[in-house]
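# Structural description and commentary
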Amino acid sequence: MPPAQRQPAGRGRNRRHLHLLLVFLSVLQTQGYIQIPPDFKEAPTITTQPKSHTAFSLDDVNLACEATGNPTPSFRWVKDGKQFGKVLLGSGSLKAGPDEELKSYQGSYRCYVANELGTAVSNLVHLITEPIPTLAREKKQERRLFEEGESTVLHCNPPRSSDAPIIHWMDKQFHHIPLSERMTISLDGNLYFANLLFNDSREDFICNAYYTNASVILPKDPIAITVTASNSVAKSRRPQLVQPAGSHSSHLVLRGQTLTLECIPEGLPTPEVQWEWMDSPFSPSRVRKLHHGRWLQIESVLETDDGEYVCIATNSQGYVRHHYAVTVEAAPYWTKWPEDQLYAPGETVKLQCLADGIPTPNVTWSINGVPITGTDVDLRRHVSSGTLILTNVQYSDTAVYQCMATNKHGSILVNTHVHVAELPPQILTADGIVSSASEGQTVLLECRTFGSPLPKVDWEIVDTGPAHANPKMSQMTDGSLQISNVSREDSNSYECSVRHSNRSIRAELKVLNRTKIVDPPQDLHVVRGNDAVLQCKYTVDHELKDPTVQWKKDGRKIDTSDNKYTGYLDGSLKVTDVQMNDSGIYSCEISTKLDSDSATGSITVQDKPASPHSLELSEEMDRSVTLSWMPGADNNSPVSEYVLEMKEEQDPTGSSRWEEFKTVPHDIKHLEVHLQPYSTYLFRVSAVNAIGRSEPSPPSDSYSTPAAKPEMNPENVTTVSTDPNSMVITWKELERQHFNGPGFKYMIYWRQSSDGDLHWKKSSVSNPPFIVNDSGTFVPFEIKVQAANDLGVGPEPVANIGYSGEDLPLEAPSQVSVVELNKTAVLVRWSAVTPESVRGLLLGYKIHLRRKGPRTHSRRGLAIRSDKNRVIEVPGHKVEEVVSDLQFYSNYTLTVAPFNSRGEGPHSKAHHFSTPEGAPGPISSLTFESPSETEVTLHWEAPHKPNGEITGYLLQHLEIVSGSSSPRLVESIDLPAVTEYTVKNLDPQSHYLFYLRARNTAGDGEPIIKQGATLLDGEPPSVINMTAGETSVNLSWVPGDRHRNFAFRFRYSQKSDGGQWEESEQVNSTQAFYQLQGLNPGVWYLLQIWPGNTSLAFKTNGPELQELPSSFATQGWFIGLISAMILLLLVLLILCYIKKSKGGKYSVKDKEEGQVDAGPRTKDDAFGEYSDNEKCSISQPSVCESKRSSNDSLADYGDSVDIQFNEDGSFIGQYSGRRDPQTHGGHDSSGATSPVNPNMPPPSISFPTSVTGILGPN
């Protein structure tokens, strides 16, 4: 179904402008200024568009269609191209009748809104009808049995619907099943387990499908699984992808949609997932990873997101890849659309409509909903490149025009109003407006009008005559009167009148004396440290009060409140304590509410030269002018040269800048400058002495040169054609200064070079490129480009040869053969294609090489992986090529295709060949174990590149002899195809180098080399570092470098205790740290390591405890008596509790059997509701307390259950509380014994008096 369409925002904006104008005119009408015809009409405008949706009942059938217009429009619907229902008035919304069948409403709809000015058309929408999803009766699923570590999938399979459901996996208490990297939901709603744990066993895996539009939730039957503990260590598995299948998949997504790629692996340990984009790194702002990295999501897809994505799942056993080829296309979207306009009879209307999309959309036009192709032929109307042109429009052309763009992904439509009307002329400007201006200004007296056609006005000076008789006065296109350089004599009343009507207004102009600076600031040369005063005396008209004086330095405003500057009432400025940074141009500006005047001066500290001045232009010619200037002060440093600058103001954007063009010696004060035609120049001069360069002089008067014909033609004229049957001519554009006059353009000439026709075809454009259509495929043309303007053309250009666009080659190479050069290189030969089939310039051939995998499966059963395509480009007309860097012992497939600038042609038939065996690559990994002081067990993995069938291994170990530069070979051992071996009879005091190579029929591979040695028997530490606290002591030592772990204990006693020794728990020599606790402060202790003969002494911190005097409370008989009494009291309490527990009238077993069905039940058509006979609820946990011994309760998870809905309809299940202490840990936990961690000791139930710092095996 195509995406929802929209009306472009720009069209609505222009329609609002037309409506606002009408509202504004209506307001003026109420004030008596203008009269608008009361029957002014407006074509229909759709304000509410219908939307595509799915209807599950008659109440869901609601297609909105609202519109405005004058007269009030009527509505009608078209379903599947045929009239549907009756004409509607007031509102066009379509709803279902109570007695109709729901399926009769399914189809494609358009709403047509019409009044006497035209018919507007809505977007095409689709209404899908289907019954509310329900669950079919299914056979009850039996309990599924698994062994811990296996992988599995629980299928959901919700009922199909155009309204895709949201899937929630929950238990029967509506708690969400916790998801993780190990447990993931796929896009189709299935629940995947990468590997199973013992505590995954449960009876209530329930898939809940939530259909949002249908407002229904369908819970599937519970799925029960049992996971049994394995009797042996679970086998680790390399990752395998369960979703998606295979190694490659393709995905098509539309621009603006959301792309979701999933990558769900299984394996043990749980694999990690990484995503890559082959073109560039991901943008974090646009790319999201969901479901613990198993989903990759890109919202609002762009064309630039097209490309290849890769998912890599990895664990300790290996990895697996999946490549996603993502293609981005686009439904049509507008790049330019026509605007609503009001036209007068006889005008020409151009409605431009441009759309883009992938593939390129087709643009068509309709009038009042009827395609132009189906209307009567009208010579005043034609369509060109998506633009509808109406010439000499009449009242009958008033209509609503529809532009529609369509491609395979959908269509978009825009309505445009063309209103041809004739309205009487009106004047919008108020009468009697008084305007004030000062002498020398330019004044604009407004006379805005309205009407169709546009009214024409005339201006007169009251009691004098027509205004256009005065050369200073000119009438603007909008009817306003512009008076340039006004003087006191221009103060008068002026009348604006509409021709051929009695409508007119008057405007009054008052001209006041100009604000003038009579004593402008001068250029001052001030010695640093002195004060400088700049004058700026002025005069203003007596009616203009409170003028403001603003001084600027180098264009920046001066704050006279600063101690540096002082302003006076007469406009003067005092600069105190002049420093070097005070040098610059100072300007004063006198401003009133009407005008302003400004003047500039300068302060030059004696350092650099003062600015040159009196820059004048003389001897003005068409192509040259003479500059002359007067030097400024040299500041006691003679001027060495003058720098002349020029600014060319030809650029209409005003981005021109001053550029140096000449440097002259100090004795030259005038210079002839050569100029370009049709340009306006300003000049200025700066002086340079040994200290530096002065500020530039004030700019000269502007000087403009006349226009002339172009003097040069563009260069690099060539063709860059890309499409067949067209030729694109391009060239390097001329700089603007070489246009030499107005109306600049390029004249394009072309003709076929092989045609013998002497006649040139020509056209003109303002800028490249120029496209010649219907030029054939790869046809040679003579082309030339000539510069021209309104005054003529440039010199005759030289013709070049260009070609029309190429097309894809038609023929595939034949007779492809492969000759083996060596084990990793072959010579590929083929027969050349015919020149006629190339349809362009043959750039060469492309060899597409693909490795299909090894010739046979490896002995370890590794999956065969097909490598990415390799493309070798062969330039020119070569018909053979050496292909090297092939892999040993592999199957290959290759094809050959010709290519030109357009692309590749068809491929040849696939040719298959194989490469022979080669020596194996290095061993993948090599690790050591030392079971005794004279043995080392080596473990290794087969080479990643076996390059053939591995037949065995060569193991060599060399003893590293102290003082010798080369090790001594001890033994070479030929091994079968195994992955471990124990080397015996090694010297415990020596180190060895181990060389291990793989073998096949082609020879021995590269060795992997590792150094190792056996481990020595462990021993208790002999050096102990002690740090004593008040009640503890920290013991640390350095474990032996090559020693095995050794178990020992610490024995300690007080020196004054008479030799009573206490022992710590067992300590490992590899721990390196231990803390003795429970000591007395301020006491000396003896410390021994057992077994061993190391003895130490230490004293704890703190005051020494004083021994209490002996009393009966410390005697043994008294302590024994008290202990016996407490024991007797405890026995009595236990007997009382047992007797009380034996009360009741029925057995515990009967009580439990009566509560088997006490759990909550759900109905088939509701979610989270209980049956009528339910006697306890989730909201009353106290009532249900006696029932929580049932197998169906959640007592192990918490004391209450909270069920809520999110705003989107999903469920929130929360639970808390205790867990079963017998629950087994997961693969990543370090809890009780499991198949993955079989050697871990059971948790200790003793309460030692010490704490280990670094845990190790006991």
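Preceding this section is the structure that the text describes.
Residues numbered from 1 in each chain as written. Predicted model: local features only at pLDDT ≥ 70, side-chain atom pairs only at ≥ 80, totals over all residues. Heavy atoms only, no water.

The side-chain alternation of strand β94 (residues 1084-1090) yields one buried face, formed by Y1085, L1087 and I1089, and one unburied face, formed by W1084, L1086, Q1088 and W1090. Sheet analysis places strand β90 (residues 1047-1054) next to β94, joined by six bridges and oriented antiparallel. Its bridge partner being in β94, R1051 is matched across the sheet by Q1088. The pairing of β94 with strand β95 (residues 1095-1099) spans five bridges and is antiparallel. Its bridge partner being in β95, Q1088 is matched across the sheet by S1095. If you look at the hairpin formed by β94 and β95, you'll find four residues sitting between the two strands, and G1092 has a positive phi there, around 145°. (Buried < 20%, exposed > 50% of the residue type's maximum accessible area, 1.4 Å probe, protein only. Helix = DSSP H or I, 4+ residues; strand = E, 2+ residues; numbered from the N terminus. Pairing = 2+ DSSP bridges.)

Next up on the list: unusual backbone geometry. Between Q243 and P244 the backbone carries a cis peptide bond, its omega angle lying at 0°. Along the chain, the position of P244 falls in the loop between β19 (237-243) and β20 (248-254). The peptide bond linking L268 to P269 adopts the cis configuration, its omega dihedral lying at 0°. Along the polypeptide, P269 turns up in the loop between β22 (264-268) and β23 (272-277).

A word on the pattern of salt bridges. Scanning the model with the defined rule gives 36 salt bridges in all. Residue K472 is joined to D490 by a salt bridge in which the shortest nitrogen-to-oxygen separation is 2.7 Å. Residue K472 is located in the loop between β42 (465-466) and β43 (473-475), and its partner D490 is located in the loop between β44 (481-483) and β45 (492-498); the two are separated by 18 residues in the primary sequence. A relative accessible area of 6% means that D490 is categorised as buried. Close ionic contact of R693 with E660 constitutes a salt bridge, the shortest N to O distance being 2.7 Å. One end of the pair, R693, is in the loop between β62 (680-688) and β63 (703-704); the other, E660, is in strand β60 (residues 659-665), and 33 residues separate them in sequence. (Salt bridge = Lys/Arg side-chain N within 4 Å of Asp/Glu carboxyl O.)

Let us now look at the sheet that holds strand β68 (residues 770-773). The three strands are arranged β64-β65-β68 in an open sheet whose pairing can be described as antiparallel. The open sheet has two free edges, formed respectively by β64 (715-719) and β68, since each of these has just one partner strand. Strand-to-strand twist of the sheet, defined as the mean angle between neighbouring strand axes without regard to direction, takes the value 15°. Where strand β65 (residues 726-732) lies against β68, four bridges are found, and the strand directions are antiparallel. Its bridge partner being in β68, M727 is matched across the sheet by V772. (Axes fitted to C-alpha atoms, helices over the stretch in contact; angles between N-to-C directions.)

Another aspect to go through is the state of the cysteines. Scanning all chains against the criterion turns up six disulfides. Here C156 connects covalently by a disulfide to C207, the sulfurs 1.8 Å from one another. Across the S-S bond of C156 and C207 the torsion is about -60°, and the bridge reads as left-handed. With C156 in the loop between β12 (152-154) and β13 (166-170) and C207 in strand β16 (residues 202-211), this residue pair connects regions lying 51 residues apart in the sequence. C207 shares its class with C156; the two are buried. Each sulfur in the disulfide pair C536 and C588 lies 1.7 Å from the other. For the disulfide bridge between C536 and C588, the dihedral angle about the S-S bond is near 75°, and by the sign convention the bridge is right-handed. Linking C536 in the loop between β49 (532-534) and β50 (537-539) with C588 in strand β55 (residues 584-591), this pair joins segments that are 52 residues apart in sequence. (Disulfide = S-S within 2.5 Å.)

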